[in-house]
Amino acid sequence: MERLTSVEQRAPGRWQVGTVTAIKQETPRVKSFWLELPMWMPHLPGQHYDVRLTAPDGYRAQRSYSIASSPLDAGKIELTVDRLEDGEVSPYFHDVVVEGDQVEVRGPFTSYFVWRGESPVLLVGGGSGVVPLMGMLRHRRRTMPELQMRLIYSVRSAQEVIYADELGDDALLTFTRLAPEEWKGPTGRLSASLVADVGTNFELAFVCGSHGFVESASSLLLEAGLERGRVRTERFGPTG
Ligand SMILES: Cc1cc2nc3c(=O)[nH]c(=O)nc-3n(C[C@H](O)[C@H](O)[C@H](O)COP(=O)(O)OP(=O)(O)OC[C@H]3O[C@@H](n4cnc5c(N)ncnc54)[C@H](O)[C@@H]3O)c2cc1C
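Sequence order as written defines residue numbering, which begins from 1 separately in each chain. Given that this is a predicted model, residues contribute local features only at a pLDDT of at least 70 and side-chain atom pairs are listed and counted only at 80 or more, while totals for whole chains, interfaces and linings are drawn from all residues. Side-chain descriptors were evaluated using all non-hydrogen atoms of the structure, hydrogens and water having been removed beforehand.

## Describing the environment of Ala55
- Secondary structure is summarised from DSSP: a helix means a run of H or I of at least four residues, a strand means a run of E of at least two, and numbering begins at the N terminus for each. Along the chain, Ala55 turns up in the loop between strand S3 (48–54) and strand S4 (60–66).
- Categorising residues by exposure relies on relative accessible area from a 1.4 Å probe, with only protein chains included: less than 20% of the type maximum marks a residue as buried, more than 50% marks it as exposed, and the intermediate range marks it as partly exposed. What makes Ala55 partly exposed here is its relative accessible area of 28%.
- Between the alpha carbons of Ala55 and Met41 there is a distance of 28 Å; along the sequence they are 14 residues apart.

## Notes on the nonpolar core
- Counting 27 residues, the largest nonpolar core has Leu123, Leu151, Tyr153 and Phe206 as its most contacted members.
- In terms of residues, this core owes the most to one element, helix H3 (residues 130–143), which gives six residues.
- Once residues within four sequence positions are removed from consideration, Leu123 is found in contact with Leu133, Met136, Leu137, Met149, Arg150, Leu151, Ile152 and Phe206.
- The term nonpolar core refers to a set of buried residues drawn from Ala, Val, Leu, Ile, Met, Phe, Trp, Tyr and Cys, joined through side-chain atoms within 4.5 Å. Ranked by size, the runner-up nonpolar core spans 19 residues in total, among them Leu37, Ala61, Val89 and Val105. Note on definitions: a residue-residue contact is assigned when non-hydrogen atoms from the two residues lie within 4.5 Å.

## With respect to the sheet that holds strand S2 (residues 30–36)
- In this description, strands pair whenever DSSP reports at least two bridges between them. As summarised here, the arrangement of the six strands in space is S4-S3-S6-S1-S2-S5, forming an open sheet in which the pairing is antiparallel. Two strands close off the open sheet at either side, each with one partner strand: S4 and strand S5 (76–82). Pairwise comparison of adjacent strand axes, ignoring direction, gives a mean angle of 40° for this sheet. The axes used here are C-alpha line fits, helices contributing only the stretch in contact, and every angle between their N-to-C directions lies in the interval 0 to 180 degrees.

## Digging into the site of the ligand
- Being near a molecule or strand, for a residue, means having at least one of its heavy atoms within 4 Å of it. Near the ligand lie 21 residues; those nearest to it are Arg63, Ser64, Tyr65, Val89 and Ser90.
- For this analysis, a polar contact is any N or O atom pair within 3.5 Å, provided that within protein one partner can donate a hydrogen and the other can accept it, and provided that sequence-adjacent residues contribute only side-chain to side-chain pairs. Between Ser64 and the ligand, the recorded distance is 2.6 Å, taken from a backbone N or O atom to an oxygen atom.
- Ser90 has a polar side-chain atom sitting 2.6 Å from an oxygen atom of the ligand.
- In isolation the ligand exposes 900 Å². Once the protein is present, 76% of that is buried.
- Elements with a minimum of two residues in the shell around the ligand: S4, S5, helix H2 (89–95) and strand S11 (231–235). Note on areas: Shrake-Rupley with a 1.4 Å probe; residue coverage comes only from the protein chains shown.

## Examining the sheet that holds strand S9 (residues 171–178)
- Strand order in the open sheet formed by five strands is S9-S8-S7-S10-S11, and the pairing between neighbours is parallel. Strands at the two margins of the open sheet, each flanked by one partner only, are S9 and S11. Looking at each pair of strands side by side, their axes are set apart by 10° on average, direction ignored.
- Two strands pair when backbone bridges link them, and strand S7 (residues 121–126) and strand S8 (residues 149–157) are joined in this way by six bridges, in the parallel orientation. From the neighbouring strand, Leu123 faces S8, where its bridge partner is Leu151.

It is worth stressing that arrangement in space is one thing and function is another; only the former is reported here.
See the structure below:
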């Protein structure tokens, strides 16, 4: 029988079978899944796991999902999945996976898109790009609430705001399609004036979302004066 040291057993590259312990409908097309992991290891906020699905005929599909939870939640992770209509993996999560199901995952994966306690920090997310940023925000609130962390969150409508009940005063939302009637805040895509409102006096900025969102948001930050080395990006798109 194969013998493994404790380090190898917990190595991020090894596949393990997680159990879905809770599912939350965040928005009409976004759900969060808590997975209990037998080989859990602490992650850095911003890291992701790979998920692998295997069909009865052996066909496999693998995708990456950012960790939305804090590493203080030992033994489990939260993944938040946006349902893409013509997708392979995200509709499976939404339409098939129920509490108690088992899902193959491996991680957490190293990346430069991690928050190690730098401050002040600017987070800029578009759509489901808010997921790893929420992982940072949650961890900061539980460990170092005094550190300055600001989130700019670009989202189509109020209905599509993920983690709506948790954003609080740290977040500045802009609605790109339909703002609530009583809304007095920003609307439309991220703009130079919105970036100017939060200022550029940040040690680091994390930008996450679709390719197009990340391109335009990071350009705006650079134009506003942030140094290139202080802007970290993560793209969720098909070639991300
Ligand atoms: C590091 C990393 C972290 C990620 N974290 C998350 C996360 O936390 N939550 C999350 O929901 N997704 C996340 N993603 C995206 C995720 O990995 C999948 O790409 C996404 O769920 C689509 O997979 P699918 O199998 O459903 O669709 P696919 O079968 O891969 O694609 C279906 C169609 O949609 C297009 N497409 C693929 N991905 C996207 C996209 N993101 N936006 C628009 N169109 C797309 C494809 O070109 C194709 O036409 C992450 C990606 C990376 C690289």
